[in-house]
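Report on the structure
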Amino acid sequence: MNWDDLKLVDAAARARSLSGAAKSLDISQPQLSRRLKAFEDRIGARLFDRMPSGLKPTEAGLRLIPLAAEMRQKAEAAARVMPDLAGTSLRVVRIAVDEVRAKVLTDMFHVLDTRLQDIELELISSHNHADHQSRSIELQIRNCLPETDTLIARKLGDLAYGVYGSRSYVAAHPDALTDSRYHKCAWLGFTPDDLWYPSQNQWLRDRLSVPPRLRSNTMTTLMNMIASGAGLGLLPVFIGDQHPDLIRVMGPLEELTNPEHIIVHRDVRREPAVRQAIDAIADVYRQMAPRLTGLSGKPVVDAAE
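Right, let's walk through the structure included here.

Rules used throughout
- Residues numbered from 1 in each chain as written.
- Predicted model: local features only at pLDDT ≥ 70, side-chain atom pairs only at ≥ 80, totals over all residues.
- Heavy atoms only, no water.
- Pairing = 2+ DSSP bridges.
- Helix = DSSP H or I, 4+ residues; strand = E, 2+ residues; numbered from the N terminus.
- Axes fitted to C-alpha atoms, helices over the stretch in contact; angles between N-to-C directions.
- Contact = heavy atoms within 4.5 Å.
- Salt bridge = Lys/Arg side-chain N within 4 Å of Asp/Glu carboxyl O.
- Buried < 20%, exposed > 50% of the residue type's maximum accessible area, 1.4 Å probe, protein only.

With antiparallel pairing, the three strands of this open sheet are ordered in space as S10-S7-S11. With partners counted over all chains shown, the strands left at the sheet margins are strand S10 (233-236) and strand S11 (246-250), one partner each. Here the average twist between neighbouring strands, direction ignored, is 55°. Relative to S10, strand S7 (residues 161-166) is paired through four bridges, and the arrangement is antiparallel. Opposite tyrosine 161, over in S10, you have proline 236 as the bridge partner. Where helix H9 (residues 198-207) meets the sheet, its contacts fall on S7, S10 and S11, and the angle it forms with S10 comes to roughly 150°.

Structure below.
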């Protein structure tokens, strides 16, 4: 049943005249009379008797009129609430990220701050697939695509890795600048856990004859170990290139350059704050693209140096 049909019944019952009902609905009297009759024909019941004194509800009309009035009252209540609904919509957007993606966002916080205005962000540290169904987070940034059609992925850009050593280590170990680096240099790596940088671990296993002698499950600790002069290691180029004590001796590595995606549940994407956060994060990745892919920043050091 169309609510517009019940509006005719309600208006006619309150005005008790076709002209008064038509005026309240801002339509012509002939149009209202024609539509009301068509509705009566469709339901197979006469709702009003047309009397010289006006409209008189029939028995069928007396049964339907209170229901039409109730629907009008509910619609009016909804209209009163709607102006306030925007104020109760989501204002805090939670983003599941590992420390690498967290650094991308915090390095460009001024962009997020400008774009998001009064929307608050919470960065939730996680290497696991986030549980979007539980609504514990709204967004997640990962390099892999979701495995269910209830989630949507938007590509943000690419993130590249390179091999780094400290200035002092490279100066003392010139093999770091040649292909003999794999067996003549000390290497630092990641703990053997599928959740913590599995692609980087596999890259090291394919090239090194012995496992790295020092390993960590955090990129910050690994960077500090490399900067201390303990050996060579893999770092995202945007992190390694901005460290004053590190030298990029290889990279960006094509095999460790992967797309970055922001993942959101289909339903949650309808929240204005979530859409605004996605656009702001996409803007961050757009502005960071040269640094994230190693196309700007410190050039790789070669053997001639």
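Moving on from the model shown.
Moving on, we come to the pattern of salt bridges. Summed over all chains, the structure comprises 21 salt bridges. The salt bridge partner of arginine 50 is glutamate 40, with a shortest N-O separation of 3.5 Å. Of this pair, arginine 50 sits in strand S1 (residues 48-51) while glutamate 40 sits in helix H3 (residues 29-43), and the two are ten residues apart along the sequence. For the salt bridge of aspartate 179 with arginine 181, the shortest nitrogen-to-oxygen distance reads 3.9 Å. According to the relative accessible area criterion, aspartate 179 is exposed, its value standing at 64%. Bridged by salt links that share partners, the residues Asp10, Arg14, Arg72 and Glu76 form one connected network.

Any functional reading would require information beyond the geometric quantities listed.
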